[in-house]
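Here are the chains, one letter per residue:
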Amino acid sequence: MITRKSLGWPITLGVIMIVLLVALIVGWVVVNVSAGVSLPNPGVYWAILAVGCTFFTLLLVGVVLYLLLTVKAVRLNQRQSNFIDSVTHELKSPLASLKLYLQTLTLRPVNAQQQAEFHRFMLQDVERLDSLIDHLLDVARLDRQTGADAEQVALGPLLTMVAETACRRYRLPLETISLPLESASVLARPADLEMIFRNIIDNAIKYSGETPRVEISVSLQAEQVVTRIADNGRGIPAKLRRKMFGRFVRLGSELQREQTGTGLGLYIVRTLVKRLHGTVSVSDRGELPGAAFEVRLPAVRTNASEGVSLEDANRPEKRGVKSL
């Protein structure tokens, strides 16, 4: 969802700058004319000079503000253009693929094995479209959600469920994601927490190495629940780590991407974490390859602590909830 901002403020600032410029020119002419004739009171000259300096200062400040607004508008246009390119690509690619498979199935006979492969590829394209729609709907819901439905949520079972879903979506073995968890709870809407960690885990898998490996840990630190999600990818340059949480921001060119996406996932993460009075940050892993996302949320303490691997977490007796 693209927010359209009013042009009233930039237009008003431009009009004020024009008025100040005209007043400054008139004042300058008056001062020069007055210099040719003797003023009845020298104080008038200094008063006019002081007013002129004030107008000049205000004009300079206006120019700086106008420049900042212009840069901000240009960046917004770039992000929106980035978003349009991304969504267009995300829509066109799976639709073209679906059309090709359907035409093939319609125009010529294929054996059962080929049909099964075609159906699998078509299902992947449908899932890709579904993921895109989910992202857009998530952004649309952000402005309408409140904390009224917050409840105490145990992070262990929720992270396990999100990790299982991610492994199934990307057809990866459960061992891809490890979950050594300390028992901890937070006060939030379960749907919000699921969106936060789904987006981070999806990013971690998509940008991991050739053999994806994601490590998730949860710990309690100074009345906060710290969830750390690390991957084994190429990492993120330090100068881009703050920028990547903006709306429609994706690193690199939209037309030369190896991974799908809209640039909305991390914006959703930052918005929801901030709403829960927490923080989210990203860093490197020191000597290890990859990036590590850290989400800090206010804690609701529990009594027990346990270490849970994703494979064990799939067993109902291990996590206390039904397996998916």
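The structure this text deals with has already been given above.
What counts and what doesn't
Residues numbered from 1 in each chain as written. Predicted model: local features only at pLDDT ≥ 70, side-chain atom pairs only at ≥ 80, totals over all residues. Heavy atoms only, no water. Helix = DSSP H or I, 4+ residues; strand = E, 2+ residues; numbered from the N terminus. Buried < 20%, exposed > 50% of the residue type's maximum accessible area, 1.4 Å probe, protein only. Contact = heavy atoms within 4.5 Å. Areas by Shrake-Rupley, 256 points an atom, 1.4 Å probe, with all protein chains shown as cover. Salt bridge = Lys/Arg side-chain N within 4 Å of Asp/Glu carboxyl O. Phe/Tyr/Trp six-rings, centres within 6.5 Å; stacked < 30°, edge-to-face > 60°. Pairing = 2+ DSSP bridges. Patch = residues over 30% accessible without salt bridge, like charges linked within 9 Å, V, L, I, M, F, W, Y side chains within 5 Å. Axes fitted to C-alpha atoms, helices over the stretch in contact; angles between N-to-C directions. Left-handed = near helix turned anticlockwise from the far one by under 90°. Nonpolar A, V, L, I, M, F, W, Y, C, P; charged D, E, K, R; others polar. Core = buried A, V, L, I, M, F, W, Y, C linked by side-chain atoms within 4.5 Å.

Participant: For this particular structure, what's the right way to read the overall build of the protein chain?
Facilitator: The secondary structure content of the protein chain amounts to 8 helices and 7 strands. Considering the protein chain as a whole, with its 324 residues, one finds that 37% of them fall into the buried category. In the protein chain, once contacts between residues fewer than 6 apart in sequence are set aside, the share between residues at least 24 apart is 74%. Total accessible area on the protein chain stands at roughly 19300 Å², and carbon and sulfur atoms take up 60% of it.

Participant: Explain the environment of Pro180 here, please?
Facilitator: The topology assignment puts Pro180 in the loop between strand 2 (177-178) and strand 3 (185-188). Judged by relative accessible area, which is 46%, Pro180 ranks as partly exposed.

Participant: I would appreciate a short explanation of the pattern of salt bridges in the present structure.
Facilitator: Two side chains with opposite charge may pair up if their charged atoms get near one another. Scanning the entire structure with this criterion turns up 4 salt bridges. Its salt-bridge partner being Asp284, residue Arg241 comes within 3.7 Å of it at the nearest N-O pair. A residue pair is termed long-range when its members are at least 10 positions apart, and Arg241 in the loop between strand 5 (224-230) and helix 6 (265-275) and Asp284 in strand 6 (residues 279-285) qualify at 43 residues. Classification of Asp284 as partly exposed rests on a relative accessible area of 44%.

Participant: Explanation requested: the packing of aromatic side chains in the structure shown.
Facilitator: What describes a pair of aromatic rings is the distance from one ring centre to the other and the angle between the planes of the rings. Throughout the structure, instances matching the rule amount to 3 aromatic pairs. Measuring from centroid to centroid gives 5.1 Å for Tyr101 and Phe118, while their planes differ by 45 degrees, and the two rings are tilted. With Tyr101 in helix 2 (residues 42-107) and Phe118 in helix 3 (residues 112-142), this residue pair connects regions lying 17 residues apart in the sequence. Among the residues examined, Phe118 registers a relative accessible area of 11% and is labelled buried. Taking 5.7 Å as the distance between ring centres and 20 degrees as the angle between the ring planes, the aromatic pair formed by Tyr101 and Phe121 counts as stacked. Of the two residues, Tyr101 is situated in helix 2 and Phe121 in helix 3; the sequence distance between them amounts to 20 residues. When its relative accessible area of 16% is taken as the criterion, Tyr101 is described as buried. Feature note: the residues Tyr101, Phe118 and Phe121 constitute an aromatic cluster, connected by ring pairs.

Participant: What's the story with the environment of Val153 in this structure? I'm lost.
Facilitator: Relative to the assigned elements, Val153 resides in strand 1 (residues 151-154). Relative accessible area serves as the criterion here: at 7%, Val153 is assigned to the buried category. It is 5.3 Å that separates the C-alpha atoms of Val153 and Ser185, two residues lying 32 residues apart in sequence. Sequence-distant contacts of Val153, defined by excluding residues within four places in its chain, comprise Leu158, Ala184, Ser185, Val186, Ala188, Pro190 and Leu193.

Participant: Teacher, can you tell me more about the pairing of strand 4 (residues 214-221) here?
Facilitator: Each regular strand displays side chains that alternate between the two surfaces of the sheet. The alternating pattern of strand 4 places Val214, Ile216, Val218 and Leu220 on a buried face and Glu215, Ser217, Ser219 and Gln221 on a face that is not buried. Sheet analysis places strand 2 next to strand 4, joined by 2 bridges and oriented parallel. Along strand 4, the bridge assignment pairs Ser178 with Glu215. Joining the antiparallel neighbours strand 4 and strand 5 is a turn of 2 residues, in which Ala222 adopts a positive phi near 50 degrees.

Participant: I keep staring at a nonpolar patch on the surface and nothing clicks. Help me out?
Facilitator: Judged by side-chain polarity, Phe56, Leu60, Val61, Val64, Leu65 and Leu68 come together as a nonpolar surface patch covering roughly 540 Å² of accessible area. Relative to the assigned elements, Val64 resides in helix 2. Overall, the relative accessible area of 43% leaves Val64 in the partly exposed class.

Participant: How do you make sense of the packing of helix 5 (residues 190-206) against helix 6 when you look at a structure like this?
Facilitator: Helices that pack against each other are described as a pair by the angle of their axes relative to one another and the distance between those axes. Running from amino to carboxyl end, helix 5 crosses helix 6 at an angle of 145 degrees, the nearest separation of the two axes being 9 Å. Where helix 5 crosses over helix 6, the two elements pack in a sense that is left-handed. Every residue of helix 6 that contacts helix 5 at Asp192, Met195, Ile196, Asn199, Ile200 and Asn203 is listed here: Gly265, Leu266, Ile268, Val269, Leu272 and Val273. Residue composition of the contact of helix 5 with helix 6, grouped by class: 8 nonpolar, 3 polar and 1 charged.

Participant: How do you make sense of helix 6 when you look at a structure like this?
Facilitator: Note: α-helices contain 3.6 residues per turn, so residues at a spacing of three or four share the same orientation. Extensive coverage of helix 6 is indicated by the burial of 8 of its 11 residues. Buried within helix 6 we find Gly265, Leu266, Tyr267, Ile268, Val269, Thr271, Leu272 and Val273. Following helix 6 by one or two positions, His277 adopts a phi angle in the positive range, close to 65 degrees.

Participant: Please clarify how the nonpolar core should be interpreted in this entry.
Facilitator: Soluble globular proteins tend to bury their nonpolar side chains together. Core analysis: the biggest nonpolar cluster contains 45 residues, and Ile177, Leu193, Ile196 and Phe197 have the highest contact counts within it. Contributing elements (two or more residues each) for this core: helix 4 (155-169), strand 3, helix 5, strand 4, strand 5, helix 6, strand 6 and strand 7 (288-300). Of all the elements, helix 5 adds the most residues to this core, at 8 residues. Look past the residues within four positions of Ile196 in its chain and what remains in contact with it is Val269, Leu272, Val273 and Leu276. In this structure, Leu98, Tyr101, Val110 and Met122 belong to the second largest nonpolar core, which totals 6 residues.

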